[in-house]
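Residues per chain are reported as follows:
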Amino acid sequence: KGSLVNEDHLRFDFSHFARVTDDEIRKIEQLVNERIRQNIPVVITEMPKEEAMKLGAMALFGEKYGDVVRVVVMDKNYSVELCGGTHVGHTGELGIFKISAESAVAAGVRRIEALCGMAAESYLQEKLDLINKLKEILKNPKDVQKSIESLQEENASLSKHLESMEARHLVAVRKEILAKDEIIDGVNFIGAIVEVSGVEALKKLCFDLKNSVRDHLAVLCVNLGGKPYVAIGISDTVVAAKGLDAGKLIKEVVAPLINGGGGGQKTLATAGGQEAGNLQQVIGEIRKILKG
């Protein structure tokens, strides 16, 4: 389906129904490298196209050929092809063949990219250098794969532990902010700057407040390393009775104050920004709107 060969690399596009597996790639490399080691002479001749086709020359579909064609033979029982480009004198000059990538380029068409000679050596050396760097980072274990798998297991365990701690922390934060609840025009208003891990935790707090307090509007903020995040949660009853919209408040009131952007639904919306010094003002402005 197309190809490219230059001094740096080659690519070869071909019809295929699925991804070329690692095992198949390995077999292709073994086959090509075997032919390279055989140092087969590359014979180039010119002959009438009809004669070349009788010889079994492979012609690329879509290519236009004249009456006289250039035939490249690398063992007549292995590779006979019509080609106008230059070639090595013997296959051994290629040194080594290494596939560097395999991908899809269209429906039913796959692409292989590969390297030969010094380029292939450099590619392999880069991979070895990377492995050595990883070994060094991992304190030179005897089994790198086992060491990485152990780290993955440890990370998964720590992540679960962290999630459990975060859940307990959010329960404590929810109790703390509920204690600051104030009634404004018949609405339970909760405005607070809290210490949580991020915007997802803010959203969870807003969501959990639905089960803890009725007819409420909550403005929860967090400062993470100088980056402000805000979440506004409004109960359905307040949205209906007061005509408030959390997404609209985020865009029109919150975003300008924190030099950021955001959005969401009428009952829950979030924003992130660059100016963390105005979070108290954010809470104050939403309080003013609620007071009318």
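First things first, this report covers the structure right here in the doc. (Residues numbered from 1 in each chain as written. Predicted model: local features only at pLDDT ≥ 70, side-chain atom pairs only at ≥ 80, totals over all residues. Heavy atoms only, no water.)

**A few points about the overall build of the protein chain**
Each helix and strand counted, the protein chain has eight helices and 13 strands in total. Computed over the C-alpha atoms, the radius of gyration of the protein chain is 33 Å, more than 25% above the 19 Å expected from 2.2 N^0.38 for a compact globule of 292 residues. Projected onto its principal axes, the C-alpha positions of the protein chain cover 95 × 50 × 30 Å. Looking at the protein chain as a whole, 32% of its 292 residues are labelled buried. Counting only contacts in the protein chain whose residues sit at least 6 apart along the sequence, the fraction spanning at least 24 positions is 55%. (Helix = DSSP H or I, 4+ residues; strand = E, 2+ residues; numbered from the N terminus. Rg over C-alpha atoms; globule rule 2.2 N^0.38 Å. Buried < 20%, exposed > 50% of the residue type's maximum accessible area, 1.4 Å probe, protein only. Contact = heavy atoms within 4.5 Å.)

**Regarding the sheet that holds strand E3 (residues 43–48)**
Within the open sheet, the three strands sit side by side as E3-E4-E5. Their pairing is antiparallel. The two strands at the open ends of the sheet, each matched to only one other strand, are E3 and strand E5 (79–82). The mean angle between the axes of side-by-side strands here comes to 30°, regardless of whether they run parallel or antiparallel. Of the pairings in the sheet, the one linking strand E4 (residues 68–74) to E5 comprises four bridges and is antiparallel in character. Note on E5: the bridge partner recorded for Val-72 is Glu-81. (Pairing = 2+ DSSP bridges. Axes fitted to C-alpha atoms, helices over the stretch in contact; angles between N-to-C directions.)

**So, the packing of helix H7 (residues 246–258) against helix H8 (residues 279–291)**
Remark: H7 packs on H8, axes separated minimally by 9 Å, with the N-to-C direction vectors making an angle of 150°. When the axis of H7 is compared with that of H8, the two are roughly antiparallel. When you trace H7 past H8, the crossing you get is right-handed. Taking contact as the criterion, the partners of Leu-249, Val-253, Val-254, Leu-257 and Ile-258 in H7 are, on H8, Leu-279, Gln-281, Val-282, Glu-285, Ile-286 and Ile-289. (Parallel < 35°, antiparallel > 145°, perpendicular 65-115°, else oblique. Left-handed = near helix turned anticlockwise from the far one by under 90°.)

**Notes on the packing of aromatic side chains**
In total, this model carries one aromatic pair according to the counting rule given. Ring centres 5.8 Å apart and planes at 20° place the aromatic pair Phe-12 and Phe-14 in the stacked group. Note on Phe-12: relative accessible area 43%, which makes it partly exposed. (Phe/Tyr/Trp six-rings, centres within 6.5 Å; stacked < 30°, edge-to-face > 60°.)

**A short note on the pattern of salt bridges**
Going through the model one piece at a time under the given rule, you end up with 14 salt bridges. Of the charged contacts, one joins Asp-22 and Arg-19 as a salt bridge, the two residues approaching to 3.9 Å between their closest N and O atoms. Between Glu-102 and Arg-110 there is a salt bridge, with its nearest N and O atoms 2.7 Å apart. Three or more residues joined by partner-sharing salt bridges are found here, namely Asp-23, Arg-26 and Lys-27. (Salt bridge = Lys/Arg side-chain N within 4 Å of Asp/Glu carboxyl O.)

**Quick word on helix H3 (residues 117–137)**
In an α-helix there are 3.6 residues to a turn, and that puts residues three or four apart on one side. In this model, H3 (21 residues) spans 31 Å end to end at C-alpha, consistent with the 30 Å of a helix rising 1.5 Å per residue. Here H3 has its buried residues at Gly-117, Ala-120 and Tyr-123. Buried residues of H3, viewed axially, fall in a sector of 150°; they line one side. In H3, the exposed positions angled more than 90 degrees off the buried face are occupied by Met-118, Glu-126, Lys-133, Glu-136 and Ile-137. Buried residues along H3 sit in contact with strand E6 (97–106) and strand E7 (109–116). Immediately downstream of H3, the backbone of Lys-139 shows phi near 70°, a positive value. (Expected span 1.5 Å × (residues − 1). Arc of directions from axis to C-beta.)

**Considering the nonpolar core**
Leu-217, Val-219, Val-230, Ile-232, Ile-234, Val-254 and Ile-286 are the most contacted members of the largest nonpolar core, which has 26 residues in total. Breaking this core down by element, the ones donating at least two residues are strand E9 (187–193), strand E10 (216–224), strand E11 (227–234), helix H6 (236–242), H7, strand E13 (268–272) and H8. With seven residues, the top contributor of residues to this core is H7. Sequence-distant contacts of Ile-232, that is, excluding residues within four places in its chain, are made with Cys-206, Ala-218, Val-219, Ala-246, Leu-249, Ile-250, Val-254, Thr-267, Leu-268, Ala-269 and Ile-286. (Core = buried A, V, L, I, M, F, W, Y, C linked by side-chain atoms within 4.5 Å.)

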